[in-house]
2 protein chains.
Amino acid sequence: MLAAARAEFAARGYQKAGMRAIARAAGVDAALLHHYFGTKDRLFMAALEFPFEPRAVVEKVFEDDPASAGERVAAFVLELWEQPPVRERLLALVRTAAVSEEVAALMRSFMVTELVDRVAARLDVEQPELRVELVMSQIVGLAVARYVIAVEPLASAPPEVLAPLLGRTVQGYLTG
Amino acid sequence: MLAAARAEFAARGYQKAGMRAIARAAGVDAALLHHYFGTKDRLFMAALEFPFEPRAVVEKVFEDDPASAGERVAAFVLELWEQPPVRERLLALVRTAAVSEEVAALMRSFMVTELVDRVAARLDVEQPELRVELVMSQIVGLAVARYVIAVEPLASAPPEVLAPLLGRTVQGYLTG
């Protein structure tokens, strides 16, 4: 089922990929696929070993006032990265996206649908999608600079030093 | 030969690019390529033509007050990227750094010496190197999100829309 899911997601993109088509390709009943994975985002996460659930994160981080979401985003991101398997998986996805347009397209449609659009809907600024994507760009860039290029002192800076600096930037993009 | 090398590195990344393929694309014998440049990493460095001179940029951007450097940094970066060959070269550097610790190390020592330390010396904040590297992380991340992952609307946003948002973030890191 996961192989069929990967093929369907790759062929049609996240948004257009259908649970029914995936079930058909895998030779199983659609009900079984739903039973195992529930929703399309969960199936995608399982198929690509995507290491966190955007939908749950958005709900948790934005259940309170967006005016203080910056520090919650920073805390979540930095805590996520402190788990080496998660960090490795995220960096592997960025690396793969950087050399494969197919994977880049897949990540793009997944992130836009499950994360950008959901956060943007909660913001009261002009061009909210652009703001959310600027937050994403800072998060991706921080991961690359800290863990891939591993430039010092950034690579060794403790999360509690980075949190307020990252939090302020995120807040600026979201509501500033 | 350098043009063929750049094309191959940009297309395949450092690790997968082949000396033989570069020689073939350049219409020369592989032995000749080895004779001129030795190993692939030396060829890479020669082909790099790092597309801006950090020392000159630092002097230009920071000759005025650091309190208004954010907008000058943003203007410089966005203008640099509007030149497709420059953009392509910078992205090739990020891609190769992501898959080669050797290139990452190369980039790291070059950037720290020529850029981070020079800017940090002009700042009046605690941990100035960390601040400069956070600026770098935002710049790298913006390039990846805008040009590699190419997520919309960020990928198509005009420079004049991005400039004030990026400028404010940079300013926050430098002096905030």
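Quick caveat, the model's predicted, so the values are computed rather than measured.

A. Expanded view of the UniProt feature "domain: HTH tetR-type" (unreviewed entry) in chain A. Residues given the UniProt feature "domain: HTH tetR-type" (unreviewed entry) here are residues 1–55 of chain A. For the annotated span residues 1–55 of chain A, helix accounts for 76% and strand for 0% of the residues, and the straight-line distance between the end C-alpha atoms is 22 Å.

B. Molecular detail of helix α8 (residues 101–120) of chain A. Residue A:V112 marks the point of greatest curvature in α8(A), where the axis turns by about 45°. Most of α8(A) sits inside the fold, with 15 of its 20 residues counted as buried.

C. A look at the domain arrangement of chain A. Residue and element names in this part refer to chain A. The domains assigned to chain A are domain 1 (1–48) and domain 2 (51–175). Computed over C-alpha atoms only, the centres of domain 1 and domain 2 are separated by 25 Å. Taken residue by residue, the interface counts 11 residues in domain 1 and 13 residues in domain 2. Summed over both sides, the interface between domain 1 and domain 2 buries roughly 1100 Å², with carbon and sulfur atoms accounting for 64% of that surface.

D. Molecular detail of the interface of chain B and chain A. Listed per partner, the contact involves 37 residues of chain B and 36 residues of chain A. Note on chain B versus chain A: buried area summed over both sides is about 3200 Å², and carbon and sulfur give 68% of it. There are 11 residue pairs in polar contact (both at pLDDT 80 or more) connecting chain B and chain A. Going through the elements one at a time, α7 (84–99), α8 (101–120), α9 (128–148) and α10 (159–175) of chain B are the ones with two or more residues in the side of chain B that touches chain A. Its residues assigned to classes, the side of chain B that touches chain A shows 23 nonpolar, 7 polar and 7 charged.

E. Spatial organisation of the packing of helix α9 (residues 128–148) of chain A against α9(B). With their axes 7 Å apart at the nearest point, α9(A) and α9(B) run at an angle of 115° to one another. Helix-helix and strand crossings are classified by hand; for α9(A) and α9(B) the assignment is right-handed. Across from A:L134, A:S137, A:Q138, A:V140, A:G141, A:L142, A:V144 and A:A145 in α9(A), the residues of α9(B) making contact are B:L134, B:S137, B:Q138, B:V140, B:G141, B:L142, B:V144 and B:A145. A per-class count over the contact of α9(A) with α9(B) returns 10 nonpolar, 6 polar and no charged.

The rules behind the values
- Residues numbered from 1 in each chain as written.
- Chains lettered and ligands numbered in written order.
- Predicted model: local features only at pLDDT ≥ 70, side-chain atom pairs only at ≥ 80, totals over all residues.
- Heavy atoms only, no water.
- UniProt positions renumbered as here; feature names shortened; annotations may be inferred.
- Helix = DSSP H or I, 4+ residues; strand = E, 2+ residues; numbered from the N terminus.
- Bend = angle between axes of the 7 residues up to and from the residue.
- Buried < 20%, exposed > 50% of the residue type's maximum accessible area, 1.4 Å probe, protein only.
- Domains from an automatic or database assignment.
- Contact = heavy atoms within 4.5 Å.
- Buried area = accessible area lost by both parts, 1.4 Å probe.
- Polar contact = N/O pair within 3.5 Å; in protein donor to acceptor, adjacent residues only side chain to side chain.
- Nonpolar A, V, L, I, M, F, W, Y, C, P; charged D, E, K, R; others polar.
- Axes fitted to C-alpha atoms, helices over the stretch in contact; angles between N-to-C directions.
- Left-handed = near helix turned anticlockwise from the far one by under 90°.

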